[in-house]
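Tertiary structure, described
Okay, here's what each chain looks like letter by letter:
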Number of protein chains: 2
Amino acid sequence: MAKHVYDFKEGNKDMKALLGGKGANLAEMTNIGLPVPQGFTITTEACNAYYDKDQALWPELIDEIFAHMTELEKVTGKTYGGTPPLLVSVRSGSMFSMPGMMDTILNLGMNDATIPVLIEESNNKRFVLDAYRRFIQMFGEVVKGIDKKKFDLVFDRVKEDKGYKLDTELEAQDLEIIVEGFKEVYKENVGVDFPQDPRVQLLESVEAVFASWNNNRAIVYRKENKIPHNLGTGVNIQSMVFGNMGDDCGTGVAFTRDPATGQAQLFGEFLMNAQGEDVVAGIRTPMQIEEMKRINDHLYHDFANVCEILENHYRDMQDIEFTIEKGVLYILQTRSGKRTAQAALKIAIDMVDEGLIDKNEALLRIAPEQIDQLLHPAFDKKALAEATVISQGLNASPGAASGQIYFNAEDAVKAAEEGIEAILVREETSPEDLEGMIKAVGILTAKGGRTSHAAVVARGMGKCCVAGCEAIHVEEDKKIFTHSGKVYKEGDFISLDGSTGFVYEGVIETTAPTLDKDFETLMSWADEVAKLRVRTNADTPQDAAQAISFGARGIGLTRTEHMFFEGERISAVRQMIVAQNEEDRVKALDKILPYQQDDFEGIFEVMKGLPVTIRLLDPPLHEFLPQRDKDIENLAKEMGIGFEDLKSRVVALNEVNPMLGHRGCRLAISYPEIAAMQTRAIIQAALEVTKRGIPVMPEIMVPLVGTKAELDYLEEVVRGVADKLIEEAGVELKYSYGTMIEVPRGTLTADKIAEGAEFFSFGTNDLTQMTYGFSRDDAAGFINEYLEKGIFKVDPFVSIDPEGVGALMKIAVEKGRKTRPDIGLGICGEHGGDPDSVKFCHSLGLDYVSCSPFRVPIARLAAAHAVLEE
Amino acid sequence: MAKHVYDFKEGNKDMKALLGGKGANLAEMTNIGLPVPQGFTITTEACNAYYDKDQALWPELIDEIFAHMTELEKVTGKTYGGTPPLLVSVRSGSMFSMPGMMDTILNLGMNDATIPVLIEESNNKRFVLDAYRRFIQMFGEVVKGIDKKKFDLVFDRVKEDKGYKLDTELEAQDLEIIVEGFKEVYKENVGVDFPQDPRVQLLESVEAVFASWNNNRAIVYRKENKIPHNLGTGVNIQSMVFGNMGDDCGTGVAFTRDPATGQAQLFGEFLMNAQGEDVVAGIRTPMQIEEMKRINDHLYHDFANVCEILENHYRDMQDIEFTIEKGVLYILQTRSGKRTAQAALKIAIDMVDEGLIDKNEALLRIAPEQIDQLLHPAFDKKALAEATVISQGLNASPGAASGQIYFNAEDAVKAAEEGIEAILVREETSPEDLEGMIKAVGILTAKGGRTSHAAVVARGMGKCCVAGCEAIHVEEDKKIFTHSGKVYKEGDFISLDGSTGFVYEGVIETTAPTLDKDFETLMSWADEVAKLRVRTNADTPQDAAQAISFGARGIGLTRTEHMFFEGERISAVRQMIVAQNEEDRVKALDKILPYQQDDFEGIFEVMKGLPVTIRLLDPPLHEFLPQRDKDIENLAKEMGIGFEDLKSRVVALNEVNPMLGHRGCRLAISYPEIAAMQTRAIIQAALEVTKRGIPVMPEIMVPLVGTKAELDYLEEVVRGVADKLIEEAGVELKYSYGTMIEVPRGTLTADKIAEGAEFFSFGTNDLTQMTYGFSRDDAAGFINEYLEKGIFKVDPFVSIDPEGVGALMKIAVEKGRKTRPDIGLGICGEHGGDPDSVKFCHSLGLDYVSCSPFRVPIARLAAAHAVLEE
């Protein structure tokens, strides 16, 4: 028969899976000699067995529980239900912390027979009766599901009858009435008397804790935090200590370092003559931990000593719950404390300096996602607490922004030029909105997911964005949005929190990020460990410089199409698109050439010889033309062509499924002159920069290749132009020719494609779209539904799906390397900045990941974690 | 050094790849002792070497050619360019027959020096001069690209000067003038004199034939017929025999059986005192082969004997070209004759009866695609009786067609692209008309026999053709034809009956074809051999019945959405879509239920216990709503809801990429009540039909599954409804639950999906879309471009791409079978009716293919071929 119950002295901190976090740490503390009220833990395995047995306790378990209770009676010298009475608490505790999600019952062992003994023993009738009424209520609510209001009604009636304002005014005799009243409430609702048998109290409480593993809020919490549903909870039965027995009693919570800043000093709060729940509930304002010195210097030093022991033992900042009963300190819980990113960073670095942990452990102490917080401004916490929420969308790009709302790019640009902090609000954004997005301080869209245009571009810029906020109704024409009947019009102030997705009314104060020496230190440690290099996706010298400052080792993706929208060049691009023949098209392309060359020169100069992967034009041409008749008319006038001619070109270019349409290399195959112009711009820029004495390493990348013949066809165009230019210039210049792998067929035929490609860059956005058959533009709604219904554990556009998309990537890596062992392998999809995806890429043995500049440090740390977690 | 030239006696019929079909068969006939004018063949390898060497002949080849010419001089006892003069023809001949696509030059060896000798030898000055002027013209046109009209001008001027109407009226001295005129035309256009050196004549002609391998019409023909472009053509140099030397001369073409019906009797046409081109060009109307008996009984028997030898030797119906020179029979070519599907079928069955071939060979004699012709409609007899006959021509290629008339290929192509059923009307067709013939639904010519270009090509395509309809007067320039004074102009409707040769006014209703005993016999042989079963895609009892009559063994796909559009139910469907909550949606679904149940009862009754796979609702909901404001307004009125409400629902449902949007199982997961209603309809129908004593085997299929959890989620819905209904009914009813595999991720995780799916049905349409990233709605344009540029060899929507889509299918088959060895495996995409795809499915070891009813026999035959070709 399996052992299902462990005395605290039988366990240790490494038994979290079996005993839960709380139980394992209580055991550990017991064994290192700290003052822990004694007790025992029922294992998580027992919890799972309980579910397997149709939710009933079984005789062997019951016997085992009471055998340990007998042992506890021996240790404490008290008797459960006897004299002196042993009182116990029953607390949940699972492998991963789920604060407040499951149930706790205190003061078991109290009944009408033990009350007089306890009164006599404590010489505090009021305290004992208060504890009894709390027990009856807690047991009634937690075990029997009685509505809290029913107890409150009794409680408040007594207070009212007496004319009391505060609970503390209640006297012992009042509490006697309340105890009787609570017993009546219990009987009315449950049908039987409140159980006087402490064995019944215990077993029903254990069952209630088991059952709370699967209450709704626990399930939601586990989903939210990616905790498996089959772990089960442990149950801790521990002898009670009381912080509310008098003025030599108290209770508190403390961190061994400051969880907000990481400063190496005790940080915590306590209340004298109070129960733990009083601290947490915030009913009374607690004292800072330093005040304990004043109240009881000896106790403070005892406590500080315990804290030091615990931190040194656990080699991490601890979050400690303690109680003082009649001047004696008891430790009720310890665990690694949650902390801000800033604190996490400082603590990790400090602990290495202190010799507590090594560099690798320091790296593992910081979740890559946390780094994000260090790079963006955040709302001031206090101001945030008072702000009015309008709605919540998707946390598409982190950061915080307050500003005035504008409903189209033009207006936002105009406002920004007048010095207004503009927030661009759109149904959804398109490349035409780019300039407005650049000038805005934040972006809010009603549609689109975390990988929508708005989200991708905003993240690229490190700009705050809330996307897919479906509860707001945007009317771009009227320049308003409405929510719950309230209208927000142009110029109104709102605030966006891109880290949470919340949208607020008005302006909220922000705090700026600071990247200090600790950050640089940690990143340098990460780079020492990591095998994956981290590049960036950058379309401008500014982005490139930003990424370099964050430690990018090259550019993995330069999207040339974004450049097409800027300034005057869009007009040449449009001429190119409406050209009736190759000659006119080449003329228009000749106008674009100098702009493109200039773009590339700027980027090459910043990158100083680091590799720069430039993707040939990718999006369908209709993205460069207006869609509405009015805009078409204006453009036709501007271009000096007929409305009907332009309109018919727009209509001809429209597609039913543009994502699967005439784009990527398909465009270049139809119009090789576009690829030729882009190659010319790249190579001329590279030659120019080389002549200035700056090394250049261009990589020309063909998008959307599914068939080797596509790559071959364009190789003639690209190498034809490039090799001729290099030869004519007589300059030593190397470039490479490769392809995106983003079409499933590209992965399946990667062995053949590798014959022509010197490198592969996985475009996991498109690969995910096609592998799942999900359009990023349309899927946000049903992906959310999938997450809610448990069909998906994680959005595949957020984290690479290893079974499907990942399987194709693996095929491509293997086939590619088989043909060309030294083939360059990277990823430039949005996933490049997602820590789980970075780890997956490491497991595939890629050379690099590429992500938006603000994700570079996250990816660097994730790359190090990938090695350390192997 | 490779041997590049073979004397006829050095080759045999199995050397087609090297010598071309014509050359190989000339060699074969030589070796079995048939009267073949001797000669030699330059190999296809030489042709390819010619292209490798930048299209120039090289000294070794030239030497080899003339060495064989010397040998030929020995055999014939004549001298090339000397006395007695050896005249030769130079003819193309590739591995696969490409009739009329490449070039031929006759009468080489004629020059000013040999003419007098030939005149003396033949004692027929007129004949010799006629041959000379033909040679100059042919050489000028073919080798030097001189416009035919320039020669015609000279020729017609002489005729006019003399007041002649017919060419036969020209006398020797007239021809002398023409020869001189032609030489002048030549010199004017080429810049030098017509070459008198027979070596130059030969080498330039050989080069011209090589070059003709890559002329435009040859390339188009190869694409149409899926002939590889890298085979090259052989060149046959053969001593001339003349059918136009006098009345004891003649020339003709014959088939050893009737190529239209398959009747086992000689079928052919000949002309006395004529060259072969006269028969083919249809300038004079030839005599039937039987008339030869009357003219020269002995010759007829000689010829019939040769035909029998050849057919027995080749064990196939032969298409033979012959010439009679001064009463002596020569065989110029034999090849397996092209035939109508009906003839192919009859000949194959007859030859098995005759013991010439076995059943398997009979099956292989019929290309699966040919079967299509047997299934083509004929005119409704009643409608036909009332139709107005315009005229009657030759029944050149069977079938029935109604359409609008166009007078040149270009106009016909344009019309066809606009969706018009075009009938191409020509004086006579030439290879240049090929594209027009492909696009037209039928072909009508005023001139030419059953072996004319129009007739041969049309039969090859299984396209209806009436040829030699001499009573109509075609004026191609004016785009009209006239008959008995009535004018038929471009765009007028006519109907053609290719089986009778009748031409009718207007459009005539057609009826389905009836299939005879031979067809049933062949199909039963196919089924004996085939391993794949063939099912059908059918949404109605009518389609199902049609497919059953074609031998379908079940339904592989019933699309429920087509049913949603019918009659009144569309209104309930729309109510369901605009429903604001589940309750309203269920109300609307309740209205649809009886219709759906009725649909399924009808289908189950027809299928009598054969498996019926029913796919749950697949398309995005917006497909059921109107898109234009006006239509939305009408519908809103009809439904009694506000325009804005309906419009906003339409807008909300619109998607950027509907193909990758909210459809398939994603719909059913959002609205499980839809799947529940459909399941109810299926199971209630099955129970009802079972109660009538008819067995039922329903298979419920979930579309667009990419993740096992999707299938699991819906399994609860489907089995929940189904099992309850069956239990309540107390009837024994089995059904199965499975899924489409049409999303790449579905293939990659097929092992997991197979845990929940009893069968997989490959949806290769969507799988192709997602594997390539091609939207079928948008890709037609660039796929054509890919085909033209040689990037694709075949459209992947026509034939399964084995490397990409096929690789995913293979993964799914292996993974699916690993989890569930007896899993049902089929395919229901359009590819199910494509012979190459059927063979691929066989190679994967699928259980069945499913295709549209009219493709069922094609798939059955292809399935047999798959086994026989293994």
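Each chain has its residues counted from 1, following the order in which its sequence is written. Both sets of labels track the order of writing: A upward for chains, 1 upward for ligands. Reporting of local features is limited, given that this is a predicted model, to residues whose pLDDT is at least 70; pairs of side-chain atoms are given and counted only at 80 or more, and all residues count toward the totals for whole chains, interfaces and linings. The side-chain values count all of the structure's non-hydrogen atoms but skip hydrogen atoms and water molecules.

**Some thoughts on the overall build of chain A**
So the rule is basically this: Secondary structure elements follow DSSP: runs of H or I no shorter than four residues count as helices, runs of E no shorter than two count as strands, and numbering proceeds from the N terminus. Contact criterion: two residues are considered in contact whenever any of their non-hydrogen atoms come within 4.5 Å of each other. For accessible areas, the Shrake-Rupley method is used with a probe of radius 1.4 Å. Any residue's cover is judged against the shown protein chains and nothing else.
Scanning chain A from terminus to terminus reveals 36 helices and 31 strands. With the principal axes as the frame, chain A shows a C-alpha extent of 105 × 60 × 55 Å. In chain A, the share of contacts with a sequence separation of at least 24, taken over all contacts with a separation of at least 6, comes to 68%. On chain A, roughly 34500 Å² of surface is accessible, and the fraction owed to carbon and sulfur atoms is 49%.

**Quick word on the packing of aromatic side chains**
Residues and elements named next belong to chain A. Here is the rule we go by: Geometry of aromatic contacts follows a simple scheme: Phe, Tyr and Trp rings, the Trp one being its six-membered ring, pair when their centres are within 6.5 Å, and the pair is stacked under 30 degrees between planes, edge-to-face over 60, tilted otherwise. In this scheme, a residue with accessible area under 20% of its type's maximum is buried, one over 50% is exposed, and one in between is partly exposed, where area comes from a 1.4 Å probe on protein chains only. Here, a charge over a ring means that NZ of Lys or CZ of Arg falls within 6 Å of the ring centre while also lying within 35 degrees of the ring normal.
Evaluation of the coordinates by the stated rule reveals 51 aromatic pairs over all chains. When the centroid spacing of 6.0 Å and the interplanar angle of 50 degrees are considered together, the rings of Phe 774 and Phe 792 count as tilted. With Phe 774 in the loop between helix 32 (764-772) and helix 33 (776-788) and Phe 792 in the loop between helix 33 and helix 34 (805-819), the pair connects residues that are 18 residues apart, well separated along the chain. Judged on exposure class, the residue Phe 774 and its partner Phe 792 are both buried. Taken together, the ring pairs in this structure connect Tyr 132, Phe 135, Phe 139, Tyr 186 and Phe 194 into an aromatic cluster. It is Lys 3 that lies over the ring of Tyr 6; its NZ or CZ is 4.7 Å from the centre.

**Points about the interface of chain B and chain A**
To keep it simple, the criterion reads: Accessible area, probed at 1.4 Å, shrinks when two parts are joined; the buried area is that loss added up over both. The term salt bridge refers to a pairing of a side-chain nitrogen on Lys or Arg with a carboxyl oxygen on Asp or Glu at a separation within 4 Å. As used in this structure description, the phrase polar contact means that two N or O atoms lie within 3.5 Å; if the pair is within protein, one of them must be able to donate a hydrogen and the other to accept it, and residues adjacent in sequence are counted only when both atoms belong to side chains. Residue type decides the class: Asp, Glu, Lys and Arg count as charged, Ala, Val, Leu, Ile, Met, Phe, Trp, Tyr, Cys and Pro as nonpolar, and the leftover types, Gly among them, as polar.
Across the boundary between the two partners, chain B contributes 44 residues, which contact 43 residues of chain A. It is B:Asn657, B:Leu660 and B:Arg745 in chain B that bury the most area against chain A; as a group they hold 16% of the surface buried on that side. If you look at where chain B meets chain A, you find six salt bridges. The shortest N-O distance in the salt bridge between B:Arg745 and A:Glu803 comes to 3.5 Å. Summed over the shared surface of chain B and chain A, the number is 32 residue pairs in polar contact (both at pLDDT 80 or more). If you tally residues by element for the side of chain B that touches chain A, the top one is helix 33 (residues 776-788) of chain B, at five residues. In the side of chain B that touches chain A, the residues fall into 22 nonpolar, 11 polar and 11 charged.

**Concerning the sheet that holds strand 8 (residues 287-288) of chain A**
Residues and elements named next belong to chain A. Applied cut-off: Criterion used throughout: strands pair if DSSP finds at least two bridges between them.
Strand order across the open sheet formed by five strands is 8-7-6-9-10, with antiparallel pairing between neighbours. The strands lining the two open edges of the sheet, one partner per strand, are strand 8 and strand 10 (328-336). Inspection of the sheet shows strand 7 (residues 267-272) paired to strand 8 by two bridges, in the antiparallel sense. The partner of Phe 270 across the bridge, within strand 8, is Met 287.

**Concerning the side chain of A:Gln678**
Residue and element names in this part refer to chain A. Within the secondary structure layout, Gln 678 lies in helix 28 (residues 672-691). Relative accessible area serves as the criterion here: at 1%, Gln 678 is assigned to the buried category. Polar side-chain contacts of Gln 678 include one of 3.0 Å to the side chain of Thr 560. Polar contacts involving the side chain of Gln 678 include one to the side chain of Gln 596, which spans 3.2 Å. Non-local contacts of Gln 678, meaning those with residues more than four positions away in its chain, are made with Thr 560, Phe 564, Gln 596, Phe 600, Leu 616 and Leu 617.

**Side note on helix 13 (residues 341-353) of chain A**
Residue and element names in this part refer to chain A. Applied cut-off: Residue count minus one, scaled by 1.5 Å, sets the expected span of a helix.
Its 13 residues give helix 13 an end-to-end C-alpha distance of 19 Å, which sits within 8% of 18 Å, the value for a rise of 1.5 Å per residue. Taken as a whole, helix 13 has its buried residues at Ala 341, Ala 343, Ala 344, Leu 345, Ile 347, Ala 348, Ile 349, Asp 350, Met 351 and Val 352. Buried residues along helix 13 sit against helix 12 (297-314), helix 14 (359-364), helix 15 (368-375) and helix 20 (517-529). Phi turns positive one or two residues past the end of helix 13, at Gly 355, with a value near 75 degrees.

**What about unusual backbone geometry?**
Here the bond from A:Thr83 into A:Pro84 is cis, since omega is -15 degrees, no more than 30 degrees from zero. For B:Asp54, which is not a glycine, the phi torsion comes out positive at approximately 55 degrees. For B:Asp54, the location among the structural elements is in the loop between helix 2 (44-52) and helix 3 (59-76). Positive phi values are uncommon outside glycine, yet B:Gln55 reaches one of about 55 degrees. Along the polypeptide, B:Gln55 turns up in the loop between helix 2 and helix 3.

**A few points about the pattern of salt bridges**
Residue and element names in this part refer to chain A. Using the criterion set out here, one finds 122 salt bridges over all chains in the structure. When the shortest N-O distance is used, the salt bridge between Lys 647 and Asp 629 registers 2.7 Å. Of this pair, Lys 647 sits in helix 26 (residues 643-653) while Asp 629 sits in helix 25 (residues 629-639); the two residues are 18 residues apart in sequence, bridging distant segments of the chain.

**Notes on the confidence of the model for chain A**
In plain terms, the rule: Values of pLDDT, which run from 0 to 100, indicate the predictor's confidence residue by residue.
For chain A, per-residue confidence averages 92 on the pLDDT scale, and residues scoring 70 or more make up 99% of the total. Per the prediction output, this complex has pTM 0.81; the corresponding ipTM is 0.81.

**Quick notes on the pairing of strand 2 (residues 39-42) of chain B**
All names here are of chain B. The alternating pattern of strand 2 places Gly 39 and Thr 41 and Phe 40 and Ile 42 on opposite faces, both of which are buried. When strand 1 (residues 5-7) meets strand 2, the two strands line up antiparallel, connected through three bridges. Pairing of Tyr 6 across the sheet is with Thr 41, part of strand 2. Strand direction decides the pairing type here: strand 2 and strand 5 (residues 233-239), joined by four bridges, are antiparallel. Within the sheet, the bridge partner assigned to Phe 40 lies in strand 5 and is Ile 237.

**Some remarks on the packing of helix 6 (residues 148-162) of chain A against helix 7 (residues 172-190) of chain A**
Residues and elements named next belong to chain A. Rules: Lines fitted to C-alpha atoms define the axes, with helix axes restricted to the stretch in contact, and inter-axis angles between N-to-C directions lie between 0 and 180 degrees. Under this scheme an angle from 65 to 115 degrees is roughly perpendicular, one under 35 degrees roughly parallel, and one over 145 degrees roughly antiparallel; angles in between are oblique. In this scheme, a crossing is called left-handed if the near helix is turned counterclockwise away from the far one by less than a right angle; it is called right-handed if the turn is clockwise.
Helix 7 packs onto helix 6 with a crossing angle of 150 degrees between their chain directions and a minimal axis gap of 9 Å. Between helix 6 and helix 7, the crossing angle belongs to the class labelled roughly antiparallel. Once helix 6 is placed against helix 7, the crossing between them reads as right-handed. Of the residues in helix 7, those in contact with Lys 150, Phe 151, Val 154, Phe 155, Val 158 and Lys 162 of helix 6 are Asp 174, Ile 177, Ile 178, Gly 181, Phe 182, Val 185 and Asn 189. Here the contact of helix 6 with helix 7 is built from residues that sort into eight nonpolar, two polar and three charged.

**Examining the state of the cysteines**
Residue and element names in this part refer to chain A. Stated precisely, the cut-off is as follows: Count a disulfide wherever a pair of cysteine sulfur atoms falls within 2.5 Å.
Scanning the model with the defined rule gives zero disulfides over all chains in all. Not part of a disulfide, Cys 249 finds its nearest cysteine sulfur in Cys 307, a span of 19 Å. Not part of a disulfide, Cys 464 finds its nearest cysteine sulfur in Cys 465, a span of 7.1 Å.

**Concerning the environment of A:Lys414**
All names here are of chain A. Counting through the fold element by element, Lys 414 comes out in helix 17 (residues 409-417). Classification of Lys 414 by relative accessible area gives partly exposed; the value is 46%. Expressed as a C-alpha distance, the spacing of Lys 414 and Val 466, which sit 52 residues apart in the sequence, is 22 Å.

**Description of a negative patch on the surface**
All names here are of chain B. Operational definition: Residues qualify for a patch when their relative accessible area is over 30% and they have no salt bridge, like charges being joined within 9 Å and the nonpolar side chains of Val, Leu, Ile, Met, Phe, Trp and Tyr within 5 Å. Lys and Arg are tallied as positive, Asp and Glu as negative. Neither His nor the chain termini are counted. Where a charge sits is defined by one atom per residue type, namely NZ (Lys), CZ (Arg), CG (Asp) or CD (Glu).
Residues Glu 224, Glu 417, Glu 418, Glu 435 and Glu 788 make up a contiguous surface patch of negative charge. Following the sequence through the fold, Glu 788 ends up in helix 33. Classification of Glu 788 as exposed rests on a relative accessible area of 60%.

**Quick notes on the sheet that holds strand 5 of chain B**
All names here are of chain B. Pairing is antiparallel in the open sheet, where five strands are placed in the order 1-2-5-3-4. Two strands close off the open sheet at either side, each with one partner strand: strand 1 and strand 4 (104-108). For this sheet, the mean angle separating the axes of adjacent strands, direction not counted, is 20 degrees.

**A closer look at the pairing of strand 16 (residues 442-445) of chain B**
Residue and element names in this part refer to chain B. Going by this rule: Orient the strands so they point away from the viewer, and a crossover whose first-strand-to-second-strand path over the helix runs clockwise is right-handed.
Burial of the side chains of strand 16 extends over both faces: Gly 442 and Leu 444 are buried on one face and Ile 443 and Thr 445 on the other. Note: strand 15 (residues 422-426) against strand 16, four bridges, orientation parallel. Within strand 16, the position partnered with Arg 426 by the bridge is Thr 445. With respect to chirality, the unit in which strand 15 leads through helix 18 (residues 434-439) into the neighbouring parallel strand 16 is right-handed. Judged from the three bridges that link them, strand 16 and strand 17 (residues 464-467) form a sheet pairing that is parallel.

**Considerations on the environment of B:Arg628**
Among the structural elements, B:Arg628 can be located in the loop between strand 26 (611-615) and helix 25 (629-639). Distance in space between the C-alpha atoms of B:Arg628 and B:Lys647 is 9.3 Å, their sequence separation being 19 residues.

**Some words on helix 35 (residues 835-844) of chain B**
All names here are of chain B. Counting buried positions along helix 35 yields seven of 10 residues, so the element is predominantly enclosed. Listed in full, the buried residues belonging to helix 35 are Pro 835, Ser 837, Val 838, Phe 840, Cys 841, His 842 and Leu 844. Buried residues along helix 35 sit against helix 15 (368-374), helix 34 (805-819), strand 30 (824-827), strand 31 (848-851) and helix 36 (856-868). Backbone geometry just after helix 35 places Gly 845 at a positive phi near 80 degrees.

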